[in-house]
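Reading the structure
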Amino acid sequence: MKINVIFAAKDFSRASLILEMLNRQGYSVLTSHRSREVMGMLSEKSFDLVVIGQTLADEDGLAFLKNLRAKNKTIPVIAMLESPDTYLDHMPAGLTLEALLPHGHGAFGGHNAHQPPRISYKLAFFQLGADECLSYSQDLHESMARIRAVVRRTASAQPDEVIKLNEIEINLSSYTVRISGKEITVTAKEFDLLYVFLSSPNRVLSRPYLI
């Protein structure tokens with residue numbers, strides 16, 4: 001099953017590793033800097049996941065998520081944060097404090113009219129409808145596991161994507177390996193290497209390529 005992903009962010013310099021991992025594991029990823037372009041892509045083609053950075057070139061990521069959820073309440077959305085502990089330093093255009101605070105949370109850090117509460121980007125993204133929040137500083141394999149979990153929860157039933165060579169079989173949907181029908185335990189790095197080997201039969205692969 002090919003998973004189609006849109007990755008929207010102002011700058012992709014910090015996203016290179018996660019983008020490479022997505023592509024290596026069979027995800028079809030399109031990138032965009034602008035919210036308008038993303039909305040146009042969503043209207044023209046079916047996508048399985050949208051990844052949103054904190055900021056886009058033409059809009060704050062939170063404002064974009066609010067607009068996206070107003071039009072599409074079902075597509076899975078993952079927010080990619082600069083840091084897991086980043087707090088808002090301003091209120092994005094079109095958003096209010098009430099929209100970002102949990103309903104009925106009367107004493108948020110003891111704030112009052114003269115001392116507005118500190119709101120994390122993670123909380124704000126979740127409040128506006130994100131299914132998951134990750135950060136660039138997070139372990140890469142944990143991030144991939146969380147992405148796969150979101151896709152599993154939200155994707156419609158599809159046959160598993162399996163690559164098989166002789167007795168070795170790897171399942172890209174469940175991230176499992178079987179040899180002669182028996183499931184074996186492998187590390188994430190071992191799984192990645194098996195994927196490369198099985199998808200490149202009869203080809204000599206150099207060490208730099210594998211790294």
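Nothing here was measured: the structure is a model prediction, and the numbers come from that model.

A word on the overall build of the chain
When its secondary structure is counted, the chain shows eight helices and nine strands. When the 211 residues of the chain are sorted by exposure, 42% land in the buried category. Restricting to contacts in the chain with at least 6 residues of sequence separation, those with at least 24 account for 62%. For the chain, the exposed area adds up to about 12,000 Å²; of that, 51% sits on carbon and sulfur atoms.

Some thoughts on the pairing of strand S8 (residues 176–179)
Within a regular strand, side chains alternate between the sheet's two faces. Relative to S8, strand S7 (residues 168–171) runs antiparallel, the two being bridged by four bridges. Paired with Ile170 across the bridge in S8 is Val177. In this structure, S8 lies alongside strand S9 (residues 182–184), joined through three bridges in antiparallel fashion. Following the sheet pairing, Val177 is matched in S9 by Ile184.

Section: the packing of helix H2 (residues 35–44) against helix H3 (residues 61–71)
Contact pair H2 / H3: the axes reach a minimum separation of 11 Å and the direction vectors enclose 20 degrees. The angle between H2 and H3 places the two elements in the roughly parallel class. The handedness of the crossing between H2 and H3 comes out as right-handed. Counted together, Ser35, Val38, Met39 and Leu42 of H2 and Phe64, Leu68 and Lys71 of H3 form the full contact between these two elements.

Looking at the confidence of the model for the chain
Of the residues in the chain, 89% have a pLDDT of 70 or more, and the chain-wide mean is 84. A low-confidence stretch, residues 106–111 stays under pLDDT 50, and its non-local contacts, those more than four residues away or across chains, total nine contacts.

Brief notes about the sheet that holds strand S2 (residues 28–32)
Strand order in this open sheet of five strands is S2-S1-S3-S4-S5, and the pairing throughout is parallel. With one partner strand each, in any of the chains shown, S2 and strand S5 (132–135) form the two edges of the open sheet. Neighbour to neighbour, the strand axes of the sheet diverge by 20 degrees on average, direction disregarded. Sheet analysis places strand S3 (residues 49–53) next to strand S4 (residues 77–81), joined by four bridges and oriented parallel. Its bridge partner being in S4, Val50 is matched across the sheet by Val77. Sitting on the sheet, helix H1 (residues 16–24) touches strand S1 (4–8), S2 and S4, and the angle it makes with S2 is about 150 degrees.

Examining the packing of H1 against helix H6 (residues 140–154)
Here H1 crosses H6 at 55 degrees, and the two axes come no closer than 11 Å. Here H1 is positioned oblique relative to H6, judged by the angle of their axes. Helix-helix and strand crossings are classified by hand; for H1 and H6 the assignment is right-handed. Touching Leu17, Ile18, Met21 and Leu22 of H1 are Leu140, His141, Ser143, Met144 and Ile147, all from H6. Of the residues contributing to the contact of H1 with H6, the split by class is seven nonpolar, two polar and no charged.

Here is what the cut-offs are and how they apply
Residues numbered from 1 in each chain as written. Predicted model: local features only at pLDDT ≥ 70, side-chain atom pairs only at ≥ 80, totals over all residues. Heavy atoms only, no water. Helix = DSSP H or I, 4+ residues; strand = E, 2+ residues; numbered from the N terminus. Buried < 20%, exposed > 50% of the residue type's maximum accessible area, 1.4 Å probe, protein only. Contact = heavy atoms within 4.5 Å. Areas by Shrake-Rupley, 256 points an atom, 1.4 Å probe, with all protein chains shown as cover. Pairing = 2+ DSSP bridges. Axes fitted to C-alpha atoms, helices over the stretch in contact; angles between N-to-C directions. Parallel < 35°, antiparallel > 145°, perpendicular 65-115°, else oblique. Left-handed = near helix turned anticlockwise from the far one by under 90°. pLDDT = per-residue confidence, 0-100. Nonpolar A, V, L, I, M, F, W, Y, C, P; charged D, E, K, R; others polar.

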